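Structure assessment
Residue strings, one per chain:
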Amino acid sequence: MTTTSPSSSSTTARRTTPDDCLNTSPTPLSLIHIFLNVIEHRMSLADAMRAPRLHHQALPDTLMVETGGLTPEAESGLRAIGHAVRYIPAIANVNAVMR
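Here the structure is a predicted model, which is why all the values come from computation and not from measurement.

What counts, and where the lines are drawn
Residues numbered from 1 in each chain as written. Predicted model: local features only at pLDDT ≥ 70, side-chain atom pairs only at ≥ 80, totals over all residues. Heavy atoms only, no water. Helix = DSSP H or I, 4+ residues; strand = E, 2+ residues; numbered from the N terminus. Buried < 20%, exposed > 50% of the residue type's maximum accessible area, 1.4 Å probe, protein only. Pairing = 2+ DSSP bridges. Salt bridge = Lys/Arg side-chain N within 4 Å of Asp/Glu carboxyl O.

1. Some details on the environment of Leu 31
Residue placement: Leu 31 occurs in helix α2 (residues 27–39). According to the relative accessible area criterion, Leu 31 is partly exposed, its value standing at 44%. Distance in space between the C-alpha atoms of Leu 31 and Arg 53 is 9.9 Å, their sequence separation being 22 residues.

Structure follows, in C-alpha cells:
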C-alpha cells in the first residue's frame, strides 16, 4: 500500500510496511472499553470513564494496565504463562458526552 500525506506540499509517496500496523494508539481501544462498559455492563458514563483500562500491542510485547486494573491473581496468572505486565497511571486521555 502506498500513502501520501495530505498536509505535504510534495507528492512524495511512502510505502506502508507491516511494522506500521504494529504500533497502534491506545485511544481507540480506550473508547471501546468505555463504550462496552456503558452498553454491556450498564455502567454510568462516569463509572465507565473511571474504570481501569488495559492495552497491548505487538511492540513492545507488554500488557500495559492502568493502576488497579488487574487482581493480584490475574497478574500472577498472566506472568506465569509468560506475559509481561507493566502498570501505568493512565493509558489514554478520553473525553465523552452522553445524551
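2. Concerning the sheet that holds strand β4 (residues 63–66)
Backbone-to-backbone hydrogen bonds join strands into a sheet, with any given pair of strands oriented parallel or antiparallel. Here three strands make up an open sheet; going across it, the order is β3-β4-β5 and the pairing mixed. Strands with a single pairing partner mark the edges of an open sheet, and in this sheet they are β3 (54–55) and β5 (85–88). Inspection of the sheet shows β4 paired to β5 by four bridges, in the parallel sense. Of the residues in β5, the one forming a bridge with Val 65 is Tyr 87.

3. Thoughts on the pairing of β4
It is a general feature of regular strands that their side chains alternate between the two faces of the sheet. In β4, alternate side chains face the same way, and those of Leu 63 and Val 65 on one face and Met 64 and Glu 66 on the other are all buried. For β3 and β4, the ladder comprises two bridges, and the chain directions are antiparallel. Counted as the bridge partner of His 55 is Met 64 from β4.

4. Considering unusual backbone geometry
Positive phi, close to 55°, is recorded for Arg 42, a residue that is not glycine. Within the secondary structure, Arg 42 is located in the loop between α2 and α3 (45–50).

5. Description of the pattern of salt bridges
Scanning all chains against the criterion turns up three salt bridges. With a closest N to O distance of 2.8 Å, Asp 47 and Arg 50 form a salt bridge. With Asp 47 and Arg 50 both in helix α3, this residue pair falls three residues apart, about one helical turn. In this structure Asp 47 comes out as partly exposed when scored by relative accessible area, which is 36%. Residue Glu 75 pairs with Arg 79 through a salt bridge whose shortest N-O separation is 2.9 Å. Of this pair, Glu 75 and Arg 79 both sit in helix α4 (residues 72–80), four residues apart, which is roughly one turn of that helix. For Arg 79, a relative accessible area of 40% puts it in the partly exposed group.

Interpretation note: all reported values are geometric properties and have no functional meaning in isolation.
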